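One letter stands for each residue in the lines below.
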Amino acid sequence: MKDYFKYFDKLTFVLLLMLSLIGIFLIYSAGFPLKESNYLKQAAWLLFSLLMFFMIFSLKIDFIFRNAFIVYLALLSILALQIFVGRTIAGTRSWFRLGSVGLQFSEFVKIPLAILLAKAMTRFDLIGWKHFFKLILLIFAPVCLIVLQPDLGVSFILCIFLPVVVLLKKIKPAVLIIFLLLTLLGGLLGWNSVLKPYQKNRIVSFLNPMKYKSSIGYHVIQSKIAIGSGGLAGKGYLKGSQSQYQFLPARHNDFIVSVIGEEFGFINTAILFFIFFVIFYRQFKFNFQNDEEFYFIYLFNGLIFFQFLINVAMAIGFFPVLGVSLPFVSYGGSSLLSFFIGEAIIFRIKINNYLT
Amino acid sequence: MYPSKKKLSGEYVKKSATVAIVILIAVFLAIFAAFWNIQIVNNEHFQRLAIQNITRSIDLTAPRGLIVDRSGAVLAESKINFTLYLVRENVADMEKTMRMASFFTAKKADVIRSIMARYKKYPQFYRIPIKNNLARGTVIFIESRQEEFPEFEIGIEPTRTYPLENCAANVLGYISEITETEMNSKELQHYGLGDFVGRSGIEKQYESYLRGVKGSQIVIKDNLEKIQRIQSEIKPVVGATVVLTLDLELQKFIEGMFVDQNGAVGVVDLRTGGILAMVSKPDFNPEIFSQEMEKEQWLALSNDPQKPLQNKFLQGIYSPGSVFKIIMALAGLQEKIISPASRVNCSGSQNFYGRDFHCWNLNGHGSMNIFSALQNSCNIFFYNLGRRLDIDTIAGYAQTMGFGNESGIDMANENKGTVPSRAWKMNAFRQQWFPGETISVAIGGGSLNVTPVQMLKMIATVALRGRMPRLHLLQRIEKSGQTLREFTPEFSRVPIAEQNFELVIEGLFKVVNEEGTGRAAKIAGLAICGKTGTSQIIAKENPKYKTLTKEKRFMPNSWFVSFAPRENPRLAMVVLVENGGDAGLIAAPLAAQIYKKFFANERLF
């Protein structure tokens, strides 16, 4: 038990906790003008997430990895059921809500999916057709279901697993070319049939925000104004005009970076980013081996990293507004819980590594 | 099929991990750089935009100053009104906005578009007033759903109101919204679109005092354009109060006398030259101009042949008729062509230059001197006087007594009228003067044209035995208890001997008190002196001709000029009833009523 404490990655844990607390702090500011109590909900979720963190942490890795496929299938069926039942009862999904607490199952898919992908990655150095189709199948089954929910942000984030895998492995050029072509085709198909007008608008407005100044480009422009006007030290807590007079859209989740940017300035925003950096650095600075456990660490962190990057890029207009939240910081209980569960597995793997 | 775990190269993975860390560092540096660029390098730019987001500068219209009568009774004031504004910046769907705007304002979408087109050069956040005097129900509807209509705003603004409606309308004048072309003119360059400016009457004359000083407000607003708080404010300064010499009670009384007749009345206080009443009928309600006027409404008013918008007292031109005999008598006496002893026999008609000229009394008046000639308004006496006076001499006296020129009253757009002379005729018609024309002018006919205000000034000068008063409507201008400007009475001496005025006054006294043409104006206990004038019928070329009924067309205008009491005169007045008929029967009794009303109040009677 003493060893457990000794080798437990205390710094990373504290940093993760810090991110969550900063998040609650910012969610309070974001909800301040309308007197929303989201910050209390988030705090409750944080407590529950920590509980789950230690629960998962105490499980055996083998057990978790063995059951990943079952969990994966279970989540897929729930997602499918949601689409089916959600349709029959006029679009409401109240059946999976418990009181005021709603669970967003799509957020949890990333954990079993990362495990399954990690397992698969141990089987090849070079991605051939067979491996490729397996990866595609694993990733796109939930992605399709989540697109139909519809949750553009989460499904997009899951797609990121694919390039994360490809970054670490070699790929047959033919496969790559076909893959890129398919992406293009899928993109066109998606544009014409899957994406809803508002989703298209977000992407169009990203390309030319000023043209859509008063309508859809509004979000990005307001976010940039918020961040830019924050300056070096910010306008002060609860004193950001963009946040407090509600010019900033979705400021409690997708644009939470803009809240810190405006109210706390460059220095504190940089500190927030630095916390992320330290976490990523500590996770990646690891002696990788061809092992599913390490691949999991790599994949899960890769996902967090890209989600972080996309969210931040979105806030300053470098990326279309796709509804991607900032890991650990943005409002969203399911998202917070899923990240802590993933981290619990990573912490467990790392401790096992030290202890053996 | 698959290679065993151990055969896969861990080395490659390790290398990739190193690459990952390099990428990680590079990405973070890029993020820091991007945020540095936005937050530090472009901080000022974004700060400006953030301030622009939440602040709005709003013009605060200054309430226009009051216009009150001599006793402080309010004739024009400002009241609260709700104005609907449209802010283009907040329009999401122009089609929907136009639909809602025409629903709120009951105006056609084209009308609203044309209003908006006027503000093309104004910034997008400018509040375009599209409707004032918005109905309460609409105000509540919009205010309660502000989130749905961020492009609409409701402002509380003062608007001009005339509590007595048509009362003294032509004295007060009206105000209306400035046009874009006017705004570019030099005199109105300090006005902005949406501002109102005085167009006529006192509103125009004392515009600079009445308008006040606009204020402004900087407000903090949220994304739905809801005002959160006022950051700073420069309060508008209320316009100054204009106190008129008008006596509201008298004014109302006189206006009440005109039922379906048109005409003009002016009453002057002879001690000061201050106008106590100025009536021009028909009139209008000036308030319709401070609201938004429908085009039809405007056309109906401006094309009305009775010209309600014209202040007949200043702008209406009429033949003076027999009233002009006063000028003739003064000229004859001053030029010593006649004396109180001169007599002319009136047989009803007389031939001058080969043409028969008639007296109105075709049976003849018999032997007439200057007094009885005035008393009976004998034409033959004045034909003979006219024959012996040169037209230019007559014109000189007419001008001396104020005809042919602006009266100088403190109101714009006076008509000068016409005083015929040799030079005038040569100028106007390139023709010689014919002596026969002088005969017509001698009884106030021919090309003579005068305005009621000129008549008032003339009779006032007669009453004061040659001291010509400067007529005025302004008593003083006050601002927060201080007097900014005050009118001091001005009199000027007319170069006609005082005793000649006394002689004429003797005649004018007889007109009213000794069974003369103005006997209907007689009041026991008040020495009224006056002169009737029943002036020629209206010409066929006059556009008014067609609008009048057959009998009325040929009805002459009725004049009665008078003053009272004879000694130390207090009041002078002119009464004109258009197409009234016999002045002695129509205009003179009206004057009597006015004197009764006034002197009853003065407790002199």
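Within any chain, residue numbers begin from 1 and follow the written order of that chain's sequence. To label them, take the chains in the order written and letter them from A, then take the ligands in the order written and number them from 1. Whole-chain, interface and lining totals are the exception, using all residues; otherwise, since this is a predicted model, local features are given only for residues with pLDDT of at least 70 and side-chain atom pairs are given and counted only at 80 or more.

## As for the overall build of chain A
So, step 1. Comment: elements are numbered from the N terminus, with helices defined as DSSP H or I runs of at least four residues and strands as E runs of at least two. Across its full length, chain A holds 15 helices and four strands.
So, step 2. To sort residues by exposure, count the other C-beta atoms lying within 10 Å of each residue's C-beta; 20 or more gives buried, 12 or fewer gives exposed, and values between give partly exposed, all with C-beta atoms placed from the backbone. Counting the 356 residues in chain A, one finds 45% classified as buried.
So, step 3. In this description, any two residues whose backbone-derived C-beta atoms lie within 7 Å of each other are considered to be in contact. Sequence-distant contacts in chain A: of pairs separated by 6 or more residues, those separated by 24 or more amount to 73%.

## Thoughts on the overall build of chain B
So, step 1. Looking only at helices and strands, chain B features 23 helices and 23 strands.
So, step 2. Against the compact-globule benchmark of 25 Å for 605 residues, chain B has a radius of gyration of 36 Å, which places it well outside the compact range.
So, step 3. Looking at the 605 residues of chain B, the share that counts as buried comes to 43%.
So, step 4. In chain B, the proportion of contacts linking residues at least 24 apart, taken out of those at least 6 apart, comes to 73%. It is over C-alpha atoms that the radius of gyration is taken, and the globule rule equals 2.2 Å times the number of residues to the power 0.38.

## Re the sheet that holds strand E9 (residues 227–234) of chain B
Either a parallel or an antiparallel arrangement is found when strands of a sheet pair, and the pairing is made through backbone hydrogen bonds.
Residues and elements named next belong to chain B.
So, step 1. As summarised here, the arrangement of the three strands in space is E1-E8-E9, forming an open sheet in which the pairing is antiparallel. Two strands in the sheet have a free side with no partner beyond their single neighbour: strand E1 (55–60) and E9. Between one strand and the next, the sheet's axes are offset by a mean angle of 30°, whatever the strand orientation.
So, step 2. DSSP calls a pair of strands paired once it identifies at least 2 bridges connecting them. As defined by bridge partners, strand E8 (residues 215–221) adjoins E9 across six bridges and the pair is classed as antiparallel. Bridged to isoleucine 220 within E9 is arginine 229. Between the N-to-C directions of two axes lies an angle of 0 to 180 degrees, each axis being a line fitted to C-alpha atoms and, for a helix, fitted only over the stretch in contact.

## Quick look at the sheet that holds strand E22 (residues 557–564) of chain B
Residues and elements named next belong to chain B.
So, step 1. With antiparallel pairing, the five strands of this open sheet are ordered in space as E12-E11-E23-E22-E21. In this open sheet, the two strands that pair with only one neighbour each are strand E12 (274–281) and strand E21 (529–535). Averaged over all pairs of adjacent strands, the angle between strand axes in this sheet comes to 5°, irrespective of strand direction.
So, step 2. On top of the sheet, helix H20 (residues 452–463) reaches strand E11 (263–269), E22 and strand E23 (571–577); it is set at about 145° to E23, its chief contact.
So, step 3. Packed on one face of the sheet, helix H23 (residues 583–601) meets E11, E21, E22 and E23 and runs near 35° to E22.

## A look at the confidence of the model for chain B
All names here are of chain B.
So, step 1. The score called pLDDT rates the predictor's confidence residue by residue, from a low of 0 to a high of 100. For chain B, per-residue confidence averages 88 on the pLDDT scale, and residues scoring 70 or more make up 93% of the total.
So, step 2. Per-element mean pLDDT across chain B ranges from 61 in helix H22 (residues 550–553) up to 97 in H20.
So, step 3. Confidence drops under a pLDDT of 50 for residues 1–9, and excluding neighbours within four residues, the segment shows seven contacts in the predicted structure.
So, step 4. Reported confidences for the modelled complex are a pTM of 0.72 and an ipTM of 0.91.

## Describing unusual backbone geometry
Residues and elements named next belong to chain B.
So, step 1. Proline 282 follows lysine 281 through a cis peptide bond whose omega is 0°.
So, step 2. As for its placement among the helices and strands, proline 282 is situated in the loop between E12 and helix H11 (287–290).
So, step 3. A cis amide bond links alanine 564 with the next residue in sequence, proline 565, at an omega value of -10°.
So, step 4. Relative to the elements of secondary structure, proline 565 occurs in the loop between E22 and E23.
So, step 5. Even without being glycine, lysine 336 reaches a positive phi, approximately 60°.
So, step 6. Checked against the element boundaries, lysine 336 lands in the loop between helix H14 (325–334) and strand E13 (344–346).
So, step 7. Within the chain, asparagine 413 stands out as a residue other than glycine whose phi angle is a positive 60°.
So, step 8. As for its placement among the helices and strands, asparagine 413 is situated in the loop between helix H17 (391–400) and helix H18 (422–429).
So, step 9. Classification of asparagine 413 as partly exposed rests on a count of 14 C-beta atoms within 10 Å.

## Observations regarding the interface of chain B and chain A
So, step 1. Contacts between chain B and chain A engage 37 residues on the former and 38 residues on the latter.
So, step 2. Of all the secondary-structure elements, those providing two or more residues to the side of chain B that touches chain A are helix H1 (10–41) and helix H2 (43–54) of chain B.
So, step 3. No other element matches H1 of chain B, which puts 19 residues into the side of chain B that touches chain A.
So, step 4. Polar here means any residue other than Ala, Val, Leu, Ile, Met, Phe, Trp, Tyr, Cys and Pro, which are nonpolar, and Asp, Glu, Lys and Arg, which are charged; Gly is therefore polar. Per-class residue counts for the side of chain B that touches chain A are 22 nonpolar, eleven polar and four charged.

## Side note on the domain arrangement of chain B
Residues and elements named next belong to chain B.
So, step 1. When its domains are assigned, chain B resolves into domain 1 (57–244) and domain 2 (248–284 + 306–473 + 490–601).
So, step 2. Placing a centre on the C-alpha atoms of domain 1 and another on those of domain 2 gives a separation of 46 Å.
So, step 3. Elements with a contribution of two residues or more to the side of domain 1 that touches domain 2: helix H6 (169–172) and helix H8 (201–205).
So, step 4. Looking at the side of domain 1 that touches domain 2 element by element, the count peaks at four residues for H8. An automatic or database domain assignment is the source of the domain bounds shown.

## Overview of the packing of helix H3 (residues 38–57) of chain A against helix H15 (residues 333–355) of chain A
All names here are of chain A.
So, step 1. In the contact formed by H3 and H15, the axes pass within 8 Å of each other and the chain directions differ by 25°. By the angle class used here, H3 and H15 are roughly parallel. Crossing handedness for the pair H3 and H15: right-handed. Taken together, the residues of H15 that come into contact with H3 (itself represented by Lys41, Gln42, Trp45, Leu46, Phe48, Ser49, Leu50, Met52, Phe53, Ile56 and Phe57) are Gly333, Leu336, Leu337, Phe340, Ile341, Glu343, Ala344, Ile345, Phe347 and Arg348.
So, step 2. When the residues that make up the contact of H3 with H15 are grouped by side-chain class, the tally is 15 nonpolar, three polar and three charged. Here is the rule for angles: anything less than 35 degrees is roughly parallel, anything more than 145 is roughly antiparallel, 65 through 115 is roughly perpendicular, and the remaining ranges are oblique. Whether a crossing is left-handed or right-handed is set by the direction in which the near helix is turned from the far one by less than a right angle, anticlockwise for left-handed and clockwise for right-handed.

## Some details on helix H13 (residues 256–284) of chain A
So, step 1. A helix is expected to span 1.5 Å for every residue after the first. Here H13 of chain A spans only 26 Å end to end across 29 residues, well under the 42 Å set by a 1.5 Å rise per residue.
So, step 2. Bend at a residue means the angle formed by two fitted axes: the first through the 7 residues ending at that position, the second through the 7 residues beginning there. The sharpest bend along H13 of chain A comes to roughly 130°, located at glycine 265 of chain A.

## With respect to the nonpolar core
So, step 1. By convention the nonpolar core is taken to be a set of buried residues drawn from Ala, Val, Leu, Ile, Met, Phe, Trp, Tyr and Cys and joined through C-beta atoms within 7 Å. Membership of the largest hydrophobic core comes to 126 residues, with the highest contact counts inside it found for Val242, Ile459, Ala587 and Ala591 of chain B.
So, step 2. If you tally residues by element for this core, the top one is H23 of chain B, at ten residues.
So, step 3. When residues of this core are sorted by domain, at least three fall in each of domain 1 (57–244) and domain 2 (248–284 + 306–473 + 490–601) of chain B.
So, step 4. If sequence neighbours within four positions are ignored, isoleucine 459 of chain B has contacts with Val561, Ser562, Phe563, Ala572 and Val574 of chain B.
So, step 5. Ranked by size, the runner-up nonpolar core spans 102 residues in total, among them Phe53, Ile225 and Phe247 of chain A together with Phe35 of chain B.

## Comments concerning the packing of H14 of chain B against helix H16 (residues 379–388) of chain B
Axes are the key here: two packed helices are described by the angle between their axes and the distance separating the axes.
Residues and elements named next belong to chain B.
So, step 1. H16 packs onto H14 with a crossing angle of 50° between their chain directions and a minimal axis gap of 10 Å. When the axes of H14 and H16 are compared, the pair comes out oblique. For H14 against H16, the interelement crossing comes out left-handed. Here H14 contributes Lys325, Met328 and Gly332 to the contact with H16, which in turn contributes Phe382, Leu385 and Gly386.
So, step 2. Along the lines of polarity and charge, the residues of the contact of H14 with H16 split into three nonpolar, two polar and one charged.

## A look at the environment of glutamate 177 of chain B
So, step 1. Tracing the chain through its elements places glutamate 177 of chain B in strand E6 (residues 175–177).
So, step 2. Once you skip the residues sitting within four places of it in the chain, glutamate 177 of chain B turns out to touch Gly194 and Phe196 of chain B.

## Some remarks on the confidence of the model for chain A
So, step 1. Per-residue confidence for chain A gives a mean pLDDT of 86, with 88% of residues at or over 70.
So, step 2. Within the model, pLDDT remains below 50 along residues 88–95 of chain A, and this stretch shows four contacts once partners closer than five positions in the same chain are excluded.

## Overview of the environment of glycine 518 of chain B
Residue and element names in this part refer to chain B.
So, step 1. Relative to the assigned elements, glycine 518 resides in the loop between helix H21 (498–513) and E21.
So, step 2. Once the C-alpha coordinates of glycine 518 and alanine 412 are considered, the two residues, 106 residues apart in sequence, prove to be 33 Å apart.
So, step 3. Filtering out sequence-adjacent residues up to four positions away, glycine 518 remains in contact with Val511, Val512, Gly530, Lys531, Thr532, Phe560, Gly584 and Ala588.

## A few points about the environment of phenylalanine 563 of chain B
All names here are of chain B.
So, step 1. In this structure, phenylalanine 563 sits in strand E22.
So, step 2. Separated by 271 residues in sequence, phenylalanine 563 and glutamate 292 have C-alpha atoms that sit 43 Å apart.
So, step 3. When sequence neighbours within four positions are dropped, the list of residues in contact with phenylalanine 563 reads Leu270, Ile459, Ala460, Ala463, Cys529, Pro569, Leu571 and Ala572.

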